[in-house]
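# Structural overview
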Amino acid sequence: MEQDHLRDSVAVSPSHGLGVERRAQVSFLVCLTGTKYGCGTGGCGACTVMISKYNPVTKKIRHYSATACLVPICSLHGAAVTTVEGIGSIKTRIHPVQERLAKCHGTQCGFCSPGMVMSIYTLLRNHPDPSTEQLMEFLSGNLCRCTGYRPIIESGRTFCEESTVCQLQGTGKCCMDQEENQFSLDKEEKMCTKLYDESEFRPFDPSQEPIFPPELIRMAEDPQKKTLIFHGDRVMWMSPANLNELLELRMKYPMAPLVMGNTTVGPNMKFKGEFYPIIISPAGLPELNFVDFTDDGVTIGAGCSLAEMKDILTYTVSKEPKERTKTYRALLKHLRTLAGQQIRSMATLGGHVASKHDYSDINPILAAGKAILNLISKEGERQILIEELFTSLKEELHDGEIIYSVFIPQLQKWEIITAQRQAQRFENSFAIVNAGMRVKFEGTKNSIKDLKMFFGSVGPTTISASKTCEQLIGRQWNDEMLSEACRLVLDEIRIPPTAVGGMVEYKRTLIISFIFKFYLKVLRELHKLDPRMYPEIPESSRSALEEFPIKIPQGIQMFQCVDPHQPPQDPVGHPVMHQSGIKHATGEAVYNDDIPRMDKELHLAVVTSTRAHAKILSIDVSEALEFPGVVDVITAKDVPGKNNHEGEILYAENEVICVGQIVCTVAADTYAHAKKAAEKVKIIYEDVEPRIITIEEAIKHNSFLFKEKKIEKGNVDKAFKYVDDIIEDEVHVEGQEHFYMETQTVLVFPTEDKDMVIYTGTQFPTHVQNMIAATLGVPGNRIMCHMKRTGGAFGGKVSKPALLGAVAAVAAHKTGHPIRFVLERGDDMLITAGRHPLLAKYKIGFMKNGLIKAVDLQYYTNAGCTPDESEMVLEFMVLKSENAYDIPNFRCRGRACKTNLPSNTAFRGFGFPQGTLPVENYITAVAFKCGLPPEKVRDMNMYKTVNRTAYKEPFNPEPMLKCWEECLDKSSFQSRKKAIEEFNKKNDWKKKGIAIIPMKYTIGVPTAYESQAASLVHIYQDGSVLVTHGGCELGQGLYTKMIQVASRELKIPSSYIYLFETSTTTVPNASYTAGSMGTDINGRAVQNACQILMKRLEPIIKKNPKGKWEEWISQAFKESISLSSTGYFRGYQTHMDWEKEEGRPYPYFVYGAGCSEVEIDCLTGAHKLLRTDIFMDAAFSLNPAIDMGQIEGGFIQGMGLYTTEELKYSPEGVLYSRSPEDYKIPTVTEIPEEFYVTFVRSQNPIAIYSSKGLGEAGMFMGSSVFFAITDAVAAARRQRGLTEPFTLNSPATPEMIRMLCVDQFTEQIPRDDPSTFKPWSIHVS
Ligand SMILES: Cc1cc2nc3c(=O)[nH]c(=O)nc-3n(C[C@H](O)[C@H](O)[C@H](O)COP(=O)(O)OP(=O)(O)OC[C@H]3O[C@@H](n4cnc5c(N)ncnc54)[C@H](O)[C@@H]3O)c2cc1C
Ligand code: FES
Ligand code: FES
């Protein structure tokens, strides 16, 4: 089925795609695996497909993107579904969208790629020449954790009308040719900017797309259509053929939901345990899908999707006079940012209104805009004002009634309406607070005739501030009225301090900040209506009303050109596409869960602890065992070997030490059965004290793992006596979720004897092997671990896959069946934890001129309940703690706190991104105190000459200074800073900020043997080469680079070389792929094997120098020369002596500098990233496309850490944020509007081909955004007379930003005494 429709004969249950199935998506049911499953909630877009439906009334075919994980299979009757396989494949012909995504380097791990492809493809089916705005809109529902989006957008932009090869503001002239180009570097250093060649792209011909199946048109037009009924074991699905039948069914089954877009019902059934035996689905009924324009407004059918509603309103706005379409424009604003394009295309207007979600973005505006619901039932029709749903408790839909349509009236001249929302992230994120407000004046009298204010996310549903509004009727629109409105509304809408969702004071502030914005907007509109009567609002206040626009990002990537004398066959240094790029884009790349099912295979579901610290009194599995399809329940008792491997516990035994700890697993024939049965396991706990959740609690209980780590230079205590001033403070950096797009997946196949074959996405197959062997009590040679690729890892797959692999292996051992163990997103986020939260306390001694003389720094990490990688993370943090600064008296100590949280683990940068933020923070604080610009204090305290680190490792900071200076210069830092100062002077409510941050980073590990690596290279008789090594392909392009290395060494084109997988059977004892050293160490091992082979071939080549590779190989074989070799790299000779506090723990340094500029909205806390410049010391880049991708992707991930990504825990240690709905990684909209990345050349003889490992370094550059925000907040505070230093903790969420921009509104809100209540969530750093 390439493109097909689902026939009645498809044997599926009506609950497919509705209930608990993990992967019950459209494509998977027909055995296509290209469509990926990243979350199951509609929030990530990995499962995007295109659905096409024919409307027999309009005679039009509608193509729309949808998240397959929320599409009920039965709703597809009569629809054509196109999955990524349907548009192109390697076997037949790849589609231009797939080709360009791959060639523009828009794929790294490739797990998001099919979804990206389908979003762009659907855009092109609707708009063959799309605008860049449409492109951004269609990508708004797709998350990518690897690339940083820039190359994905770029690939889509090649289809846009205004596409240009070089992206310098669409000038059409290559940046390198422009005289005025600010990026032209030294003449000797030849820089390139082209990472791909557009001329290679196949043209896009929209006329070649598959047609909509004519039989579906016939079906849709069939006048004899009947109600369609699907019977399942537990669910009956009914799709009425017309409105009359619908109303009959509605009357007969009042409890049955109407499933329209399924974006409310689906998630509720999946995650909230709702169950409906009968489902009525009128989706697609033409009677509910209409629009009617009249003189006084527009009526939209309840079955229209929100995306269609947006089109209808856009059309109306373009046709009608501006003043009459004010409500439509308000709605359009939110219809653009509500969810992603897929959800907007699925969700219907009727479903949205009826759901009455507290966070609804549309209902407050409809209510304020006097919209009318047209209701219909068998008994007749009636109309109600939507606002009555939220003001009168009695006004619910009656039994048998449905929403037929919504009438949205036009507004009158003296009516003004506004729509506002603030979310954690700009789009595809529920509002923290939203509002719809309308006022009507009595002509020119300036007195309020009618006033409506509705707020979302502040109560159980949309809340009306009706009492406030009533009291203000007749009042003049002036400052007194504003103060009164704020006072009254805070009195009327009371958010309790314990409110679910937290952020209570912020929400209160937002409510009145929105009223203030409304107030200003009305003044402005009144001025437009009657300039003589109403003065214009002051210029400095206008910025309160300006919105941050969504712009298509621009930018340039600059890297060193390849030496023109390099042989053409040699790919080293070229921007070679990811070796699996095309396969990623066509969906043919095989991930673990795509491996076909085995006979007798069982699925595993986990039962996890609900207590943070408790004794297990009993586990009752009897009911679970009786559940259909269940084969067994596995507990600690079933572990034949060690249940505790080096401190890591597989199954909890006797006690639990965190919420999320695995207590048992259920093995069943399907995942749905396993999961349902898991819910039946009954565990009785008895809480144990102490329960330690936060760092503060751990310090109080002296609960630490490992010994303290410390480095010191100079005499810190003495130095404090001779300084001008001292600052003491603390900084909190919260944790981070890896959010790799492919969740942890393990397949275990028991074979003969006690052998086990494991397929898993890991960064460390050796560890998986060792842990399973220890768990099963068998020698390592019985465990074969295979790893081909994984959908992102970022450190999260170093240690955890071993634990999960062992859990699955015990199940395989006990049942004798193959086991498929795939963590759902929620379980993955709960169980596997992430980056260590950090509390840093510091004492800084400095002189008045900004020179820092003494630093005493104390780190506390929240390690969680077991050791995992926490010791290494802490060591890295302490060793790298000075960053770029030469502080003569420097002491850093670190402790890892043992708490009752899931065990935190490795994460890109291994502690550096958290640990260095406080460093830059105290530099900023010193600058503040001295009244100096932070960049000046940074500059004066930086290492300037060849020197030694605090732990006495020699280094040369020259490349760092080069990055710093180039960044300052090429980003035009000083002139922009001046412009920002001007901007800030003129604008009271928007502030800009800019920051430049230097970086001294180290790659590798202090333990020498951990950087050893091996390879195995075979040359076959036809000359083809198979390369194997110990490194894992995580999306970072390691395999691609290894092919480049082998190609150079063997002097053959890359097409001769193949990499199949990494396995413990081919390369034993391999180290982890982490610490930015994957290419370095495995490259050396591959190089070594190739050189050995070339040495063997040398006599043959000498004899026949003009011969071809194939001839030499054939000859070698005939001469019995071995064509297979292992390769080996001993590792970097690193060491660290913690007793002496000195060593050479890292092989080399990577330097960089990053500059970012932001604008913040002081009233909401929103920020917009305007521009980022990164200068990274890449030495000689082995593959600039891949390295660029690592830096950009790392930067965006770092930016997420420091801004939008916020984990929420209950005071009892329960992680709330377990899906993309409540954990916000950056989307396409968050990336810088202008993004410039430049590689700075340096020498690095220590690494292969003088390259540098760049996998992690970009991450910390994200902190430039954090400090630009700090700068902007400081400007806001200065304007309000607050000149003392302040602390911005990480992440700098909208809440943090807003609450630091102290003003009359933050002062007006009621504050709660923290000692009087238990908050909904706490910070654990
Ligand atoms: C990932 C994701 C992100 C989201 N982001 C946002 C956001 O940012 N802002 C926001 O406001 N919303 C957001 N939503 C919510 C979304 O807007 C609603 O879920 C959606 O509008 C519901 O419409 P539906 O057609 O899918 O309803 P369904 O799920 O099909 O039905 C929902 C309910 O409405 C009833 N119903 C449906 N149609 C009718 C009718 N004609 N008459 C009477 N009752 C009816 C059903 O019986 C059912 O109880 C998001 C949802 C998801 C999944
Ligand atoms: S898997 Fe469907 S949106 Fe994430
Ligand atoms: S390439 Fe997008 S998630 Fe990995």
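For the structure, see preceding data.
Throughout, residues of each chain are indexed from 1 in the direction in which the sequence is written. Note on labels: chains are lettered from A, ligands numbered from 1, in written order. Only residues with pLDDT of at least 70 get local features here, since the model is predicted, and only at 80 or more are side-chain atom pairs given and counted; chain-wide, interface and lining totals rely on the full set of residues. Water and hydrogen atoms play no part in the side-chain values, which are based on all heavy atoms of the structure.

In DSSP terms, a helix is any run of H or I states spanning at least four residues, a strand is any run of E spanning at least two, and both are numbered starting from the N terminus. A tally of helices and strands in the protein chain yields 40 helices and 48 strands. Whereas a compact globule of 1325 residues would reach a radius of gyration of roughly 34 Å, the protein chain reaches 31 Å, a difference of no more than 12%. Buried, partly exposed and exposed residues are distinguished by accessible area as a fraction of the type maximum, computed with a 1.4 Å probe on protein chains only: under 20%, between the cut-offs, and over 50%, respectively. Counting the 1325 residues in the protein chain, one finds 67% classified as buried. Counted over contacts in the protein chain with a minimum sequence separation of 6, partners at least 24 positions apart contribute 78%. Atoms considered for the radius of gyration are the C-alpha atoms alone. The globule rule reads 2.2 Å times the number of residues to the power 0.38. By the convention used here, residues are in contact when the closest approach between their heavy atoms is within 4.5 Å.

Attention now goes to the packing of helix α33 (residues 1038–1050) against helix α34 (residues 1078–1103). It is at 9 Å that the axes of α33 and α34 come closest, and there the two elements cross at 30 degrees. Put simply, α33 runs roughly parallel to α34. Along this stretch, α33 crosses α34, giving a crossing that reads as right-handed. Residues Leu-1038, Lys-1041, Met-1042, Val-1045, Ala-1046, Glu-1049 and Leu-1050 of α33 form the contact with α34, whose participating residues are Gly-1078, Thr-1079, Asn-1082, Gly-1083, Val-1086, Gln-1087, Cys-1090, Gln-1091 and Met-1094. For the contact of α33 with α34, the class distribution of residues is eight nonpolar, six polar and two charged. In this description, a line fitted to the C-alpha atoms serves as the axis of each element, helices being fitted only across the stretch in contact, and the angle between N-to-C directions of two axes falls anywhere from 0 to 180 degrees. Relative orientations are named as follows: roughly parallel for angles under 35 degrees, roughly antiparallel for angles over 145 degrees, roughly perpendicular for angles from 65 to 115 degrees, and oblique for any other angle. Crossings are sorted by hand: turned counterclockwise from the far helix by less than a right angle, the near helix makes the crossing left-handed, and turned clockwise it makes it right-handed. Under this grouping Gly is polar, as are all residues other than the nonpolar Ala, Val, Leu, Ile, Met, Phe, Trp, Tyr, Cys and Pro and the charged Asp, Glu, Lys and Arg.

A separate point is the pairing of strand β47 (residues 1167–1177). By the criterion of burial, β47 is predominantly enclosed, with ten of the eleven residues buried. Sheet topology places strand β46 (residues 1149–1161) next to β47; nine bridges connect them, and they run antiparallel. By the bridge assignment, Cys-1155 is partnered in β47 with Asp-1173. The turn joining β46 and β47, which pair antiparallel and follow one another in sequence, is formed by five residues; a positive phi near 90 degrees is taken by Gly-1165. When DSSP locates at least two bridges between a pair of strands, those strands are taken to pair. Pairing of β47 with strand β48 (residues 1234–1240), which is carried by seven bridges, proceeds in the parallel orientation. Residue Ile-1174 lies in a different strand from β48, and its bridge partner there is Val-1237. Call a crossover right-handed when, viewed with both strands pointing away from you, the route from the first strand across the helix to the second goes clockwise. In this fold, β47 hands off to helix α36 (residues 1184–1202), which returns the chain to β48; that crossover is right-handed.

In this section: the state of the cysteines. Disulfides are defined in this document as cysteine sulfur pairs within 2.5 Å. In total, this model carries one disulfide according to the counting rule given. Residue Cys-192 pairs covalently with Cys-561 via a disulfide, S to S 2.2 Å. The disulfide joining Cys-192 to Cys-561 has a torsion of about 120 degrees about its S-S bond and is therefore right-handed. With Cys-192 in strand β5 (residues 191–192) and Cys-561 in the loop between β18 (554–560) and α20 (581–586), this residue pair connects regions lying 369 residues apart in the sequence. Accessibility expressed as a relative area gives 24% for Cys-192, which makes it partly exposed. As a non-bridged cysteine, Cys-486 has Cys-469 as the owner of its nearest cysteine sulfur, 12 Å distant. Cys-658 forms no disulfide, and the closest cysteine sulfur to it belongs to Cys-865, at a distance of 3.8 Å.

Cis geometry marks the peptide bond from Glu-689 to Pro-690, where omega comes out at -5 degrees. Inspection of the secondary structure assignment puts Pro-690 in the loop between β26 (682–687) and α23 (695–700). Cis geometry is found at the peptide bond from Ser-1290 to Pro-1291, where omega equals 5 degrees. Positioned with a positive phi, Asn-428 is a non-glycine residue whose angle comes to about 55 degrees.

What follows deals with the environment of Val-1302. Following the sequence through the fold, Val-1302 ends up in the loop between α39 (1294–1300) and α40 (1304–1308). Once the C-alpha coordinates of Val-1302 and Arg-524 are considered, the two residues, 778 residues apart in sequence, prove to be 25 Å apart. Apart from residues no more than four positions distant in its own chain, Val-1302 is found in contact with Arg-1277, Arg-1280, Leu-1282 and Glu-1307.

A few words now on the site of ligand 1. Taken together, 35 residues lie near ligand 1, and Met-260, Thr-263, Thr-264, Thr-348 and Ile-403 sit nearest. Here a polar contact is taken to be a pair of N or O atoms separated by no more than 3.5 Å, where protein atoms must pair a possible hydrogen donor with a possible acceptor and residues adjacent in sequence count only if both atoms sit in side chains. The backbone of Leu-258 places a nitrogen or oxygen atom 2.8 Å from an oxygen atom of ligand 1. Interatomic distance of 2.9 Å between a backbone N/O atom of Val-265 and an oxygen atom of ligand 1. Note on areas: Shrake-Rupley, 1.4 Å probe, and residue coverage restricted to the protein chains presented here. Its free accessible area being 970 Å², ligand 1 has 94% of it covered by the protein chains. Taken together, the elements giving at least two residues each to the shell around ligand 1 come down to α13 (349–355) and β13 (402–409). Note on terminology: near, applied to a residue and a molecule or strand, indicates that one of the residue's heavy atoms is within 4 Å of it.

Another aspect to go through is a nonpolar patch on the surface. Together, Val-291, Phe-293 and Tyr-315 line one region of the surface with nonpolar side chains, adding up to about 270 Å² of accessible area. The topology assignment puts Val-291 in strand β9 (residues 291–294). The exposure class of Val-291 is partly exposed, given its relative accessible area of 35%. Residues enter patches when their relative accessible area tops 30% and they take part in no salt bridge; the joining distance is 9 Å for like charges and 5 Å for the nonpolar side chains Val, Leu, Ile, Met, Phe, Trp and Tyr. Salt bridge criterion: a side-chain nitrogen from Lys or Arg within 4 Å of a carboxyl oxygen from Asp or Glu.

Stacked, tilted and edge-to-face are the three classes applied to pairs of Phe, Tyr and Trp rings, where Trp contributes its six-membered ring and a pair requires centres within 6.5 Å; stacked means planes under 30 degrees apart, edge-to-face means over 60, and tilted covers the rest. Counted according to the given criterion, the structure contains 31 aromatic pairs. With a centroid separation of 5.5 Å and an interplanar angle of 40 degrees, the aromatic rings of Phe-290 and Tyr-404 are classed as tilted. In this pair, Phe-290 sits in the loop between β8 (278–280) and β9 while Tyr-404 sits in strand β13, placing the two residues 114 residues apart along the sequence. The class of Phe-290 is partly exposed, set by a relative accessible area of 22%. Seen in terms of ring centroids, Tyr-1216 and Trp-1320 are 4.0 Å apart; in terms of plane orientation they differ by 5 degrees. Their pairing is stacked. With a gap of 104 residues between them, Tyr-1216 in the loop between α36 and β48 and Trp-1320 in the segment after α40 connect regions that are remote in the sequence. Seen from the ring of Phe-1267, Arg-938 lies directly overhead, with NZ or CZ sitting 5.4 Å from the centre. Cation placement over rings: the criterion is NZ of Lys or CZ of Arg within 6 Å of the ring centroid and within 35° of the ring normal.

Where helix α10 (residues 306–319) contacts helix α11 (residues 326–337), the axes come no closer than 10 Å and their chain directions differ by 140 degrees. The crossing of α10 and α11 is left-handed. Together, Leu-306, Met-309, Lys-310, Leu-313, Thr-314, Thr-316 and Val-317 of α10 and Tyr-328, Arg-329, Leu-331, Leu-332, Leu-335 and Arg-336 of α11 make up the contact between the two elements. A per-class count over the contact of α10 with α11 returns eight nonpolar, two polar and three charged.

On to the nonpolar core, then. Phe-455 and Trp-477 are the most contacted members of the largest nonpolar core, which has 226 residues in total. Top contributing element to this core by residue count: helix α18 (residues 504–529), with 14 residues. Setting aside residues no more than four positions away along its own chain, Trp-477 makes contact with Val-439, Phe-441, Asn-446, Ile-448, Leu-451, Phe-518, Tyr-519, Val-522, Leu-523 and Leu-526. The criterion is simple. A nonpolar core is a set of buried Ala, Val, Leu, Ile, Met, Phe, Trp, Tyr and Cys residues joined through side-chain atoms within 4.5 Å. By size, the runner-up hydrophobic cluster in this structure holds 52 residues, among which are Leu-313, Leu-332, Leu-338 and Ile-386.

Time to look at empty space enclosed by the protein. Using protein atoms alone on a 1 Å grid, points that fit a 1.4 Å probe yet trap it form a cavity, whereas open point sets bounded by protein on both sides within 12 Å along at least five of seven lines form a pocket; residues with an atom within 4 Å of a point count as lining. Grid points are joined across faces, edges and corners, and a volume is the space filled by probe spheres set on the points. All chains considered together, the criterion is met by 16 cavities of 30 Å³ or more. Here the largest cavity defines a volume of roughly 460 Å³. Lining the largest cavity are 33 residues, and of these Leu-1034, Gln-1036, Ser-1076, Gln-1190 and Gly-1255 lie nearest its centre. Elements supplying a minimum of two residues to the lining of the largest cavity: α33, α34 and α36. Here the second largest cavity defines a volume of roughly 180 Å³. Ile-649, Gln-661, Leu-803, Ile-831 and Cys-865 are, among the 15 residues lining the second largest cavity, the residues nearest its centre. Of all the secondary-structure elements, those providing two or more residues to the lining of the second largest cavity are β23 (648–649) and α26 (800–815).

The element strand β40 (residues 1025–1029) is extensively covered by neighbouring structure, given that five of its five residues are classed as buried. Residues Val-1025, Val-1027 and His-1029 of β40 are buried on one face, and the alternating residues Leu-1026 and Thr-1028, pointing to the opposite face, are buried as well. Of the strand pairs in this sheet, strand β39 (residues 1013–1019) and β40 are connected by five bridges, and their pairing is antiparallel. Bridge pairing in β40 places Leu-1016 opposite Thr-1028. With antiparallel pairing between neighbouring strands as the criterion, β39 and β40 make up a hairpin whose turn holds five residues, including Gly-1023 at a positive phi of roughly 95 degrees. As a crossover connection, the stretch from β40 through α33 into strand β41 (residues 1057–1059) is right-handed.

Another aspect to go through is a negative patch on the surface. The grouping of Asp-129, Glu-133, Glu-161 and Glu-162 at the surface amounts to a negative patch. On the secondary structure map, Glu-162 appears in the loop between α6 (150–157) and β5. Given the relative accessible area of 38%, Glu-162 is considered partly exposed. Two residue types count as positive, namely Lys and Arg, and two as negative, namely Asp and Glu; His and chain ends fall outside the count. Charge coordinates come from a single atom per side chain, which is NZ of Lys, CZ of Arg, CG of Asp or CD of Glu.

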